[in-house]
Amino acid sequence: MQCNVDRKLLGLILFFSEHGKTIKSGFLKARNKAGTKNIYGEEQMALDKWADEVLINGLKKTRSVRYIATEEQSDIIEINDPENEYGVVIDPLDGSSLIDVNLAVGTIVGIYPGHVLEPGEKMIAAMYILYGPLTTLTLTTGNGVHDFVMDENGVFFLTAKDIKIPDGRIYAPGALRKDYLPAHARFIESLENEGYKLRFSGSFVADMHQILHKGGIFTYPGSKGKEKGKLRLLFEANPMGKIITDAGGGISNGKIDILSIKPDAIDNITPIYAGGKKEIELIEKIMRKN
Ligand code: AFP
């Protein structure tokens, strides 16, 4: 872990790494549906709700942040008399529809110096934990993107320092092809003509981890009837956007850098293009011409 990180911020990052271990331990317990829906109308898994409770209760206990916003809650939680002014945005269990088929899922976290209804570029740190064959933690505090792997004792070890997204030919396209809008269809056609290989699992964390290490582009575009896309600005796009940007890539809604957008509500959604700069420039060029 970098030594030049503020002690309080480091404490918060360690909080999430510790609680990631707890969440991982829950996978053996309940893989069923909770019978409730989240604020986006999506069915919640029992583990979604449990992971959300684990993180919120832990943060309330430590009083290490003032604001908590999570994908499972309809309102921002404000802690009374906190020890720090930080605000955190959390997707407790991203890709949870894949839990019952044992595919990789993850936890996404973004940390702000204060309130969370701010452009993503104000984040001071972002991280995700990927629960795959290995449990890994990918982190940026603005000084490079680093990977850690959890060992058999539950300790995270640094395995890759200052990761830079390579030039690669992978594309991870969400949404239904029959609903593609014309500019997006041209973008995908161009990637396919260039020989990009399809890799889409349904878990944003897993798909982005692959793009970070192998290059290429993840996209969940706006489509017919769903022009604003599907993924959440606060909980998915912004933290992952900071990580991929700090690794030398970028994130766009097809027109502008997503990190520059000021959210007006916690449930804002956005079309996403996240990955290499070359691919981001291509979609923005195609959309400008449209
Ligand atoms: P959950 O966190 O609700 O499981 O959502 C997963 C997700 O937001 C993201 O991880 C995937 O990339 C995307 O949805 C998959 O969406 P489709 O099921 O429409 O392909």
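Residues numbered from 1 in each chain as written. Predicted model: local features only at pLDDT ≥ 70, side-chain atom pairs only at ≥ 80, totals over all residues. Heavy atoms only, no water.

Quick word on the sheet that holds strand β13 (residues 217–220)
- An order of β12-β11-β13-β15-β14 is seen for the 5 strands of this open sheet, with the pairing classed as mixed. Looking along the sheet, the strands with just one partner apiece sit at the ends: β12 (197–198) and β14 (250–252).
- Where strand β11 (residues 170–173) lies against β12, 2 bridges are found, and the strand directions are parallel. Looking at the pairing, Tyr171 lines up with Leu198 of β12.
- Across the sheet, helix α5 (residues 233–246) is in contact with β14 and β15 (272–275); its angle to β14 comes to roughly 145°. (Pairing = 2+ DSSP bridges. Helix = DSSP H or I, 4+ residues; strand = E, 2+ residues; numbered from the N terminus. Contact = heavy atoms within 4.5 Å. Axes fitted to C-alpha atoms, helices over the stretch in contact; angles between N-to-C directions.)

Some remarks on the side chain of Thr138
- Mapped onto the fold, Thr138 is located in strand β8 (residues 135–140).
- Overall, the relative accessible area of 0% leaves Thr138 in the buried class.
- A polar atom in the side chain of Thr138 sits 2.5 Å from the side chain of Asp147. (Buried < 20%, exposed > 50% of the residue type's maximum accessible area, 1.4 Å probe, protein only. Polar contact = N/O pair within 3.5 Å; in protein donor to acceptor, adjacent residues only side chain to side chain.)

Some words on the domain arrangement of the chain
- What the domain assignment reports for the chain is domain 1 (7–160) and domain 2 (170–289).
- Here the C-alpha centre of domain 2 lies 22 Å away from the C-alpha centre of domain 1.
- Of the roughly 2800 Å² buried at the junction of domain 1 and domain 2 (both faces included), carbon and sulfur atoms supply 67%.
- Our count for the contact surface shared by domain 1 and domain 2 stands at 2 salt bridges.
- One salt bridge connects Arg232 with Glu71, and the closest N-O pair in it is separated by 3.9 Å.
- At the boundary of domain 1 and domain 2, one finds 9 residue pairs in polar contact (both at pLDDT 80 or more).
- Breaking the side of domain 1 that touches domain 2 down by element, the ones donating at least two residues are β3 (67–70), β5 (87–94), β6 (105–112), β7 (125–131), β8 and β9 (145–150).
- The residue inventory of the side of domain 1 that touches domain 2, partitioned by class, reads 24 nonpolar, 12 polar and 8 charged. (Domains from an automatic or database assignment. Buried area = accessible area lost by both parts, 1.4 Å probe. Salt bridge = Lys/Arg side-chain N within 4 Å of Asp/Glu carboxyl O. Nonpolar A, V, L, I, M, F, W, Y, C, P; charged D, E, K, R; others polar.)

Remarks on the site of the ligand
- Around the ligand sit 17 residues, and of these Ser96, Phe204, Tyr220, Lys230 and Glu236 come closest.
- Contact distances for the ligand include 3.1 Å between an oxygen atom and a backbone N or O atom of Gly95.
- For the ligand, an oxygen atom lies 2.9 Å from a polar atom in the side chain of Lys230.
- For the ligand, whose unbound accessible area comes to 480 Å², protein coverage reaches 79%.
- Where the shell around the ligand is concerned, the elements lending two or more residues are β5 and β13.
- A total of 3 residues in the shell around the ligand trace back to one element, the largest contributor, which is β5.
- The residue makeup of the shell around the ligand, split by class, is 5 nonpolar, 5 polar and 7 charged. (Near = heavy atom within 4 Å. Areas by Shrake-Rupley, 256 points an atom, 1.4 Å probe, with all protein chains shown as cover.)

Describing helix α3 (residues 182–193)
- The end-to-end C-alpha separation of α3 is 16 Å, in line with the 16 Å expected for 12 residues at 1.5 Å each.
- Looking one or two residues beyond α3, the residue adopting positive phi is Gly195, at roughly 85°. (Expected span 1.5 Å × (residues − 1).)

So, the environment of Ile23
- Considering the arrangement of structural elements, one finds Ile23 in helix α1 (residues 7–26).
- Judged by its relative accessible area of 0%, Ile23 is buried.
- Considered as a pair, Ile23 and Ile129 are 106 residues apart in the sequence and their alpha carbons are 10 Å apart.
- Here Ile23 is in contact with Trp50, Ala51, Leu55, Pro92, Leu93, Thr107 and Tyr131, once residues within four sequence places are set aside.

Some words on the sheet that holds strand β4 (residues 77–78)
- If you walk across this open sheet you meet the 8 strands as β4-β3-β5-β6-β7-β8-β9-β10, and the pairing is mixed. This sheet does not close on itself; its edge strands, each paired only once, are β4 and β10 (156–160).
- Direction of pairing for β7 relative to β8: antiparallel, over a ladder of 6 bridges. Opposite Leu130, over in β8, you have Thr136 as the bridge partner.
- Across the sheet, helix α4 (residues 204–214) is in contact with β5, β6, β7, β8 and β9; its angle to β7 comes to roughly 110°.

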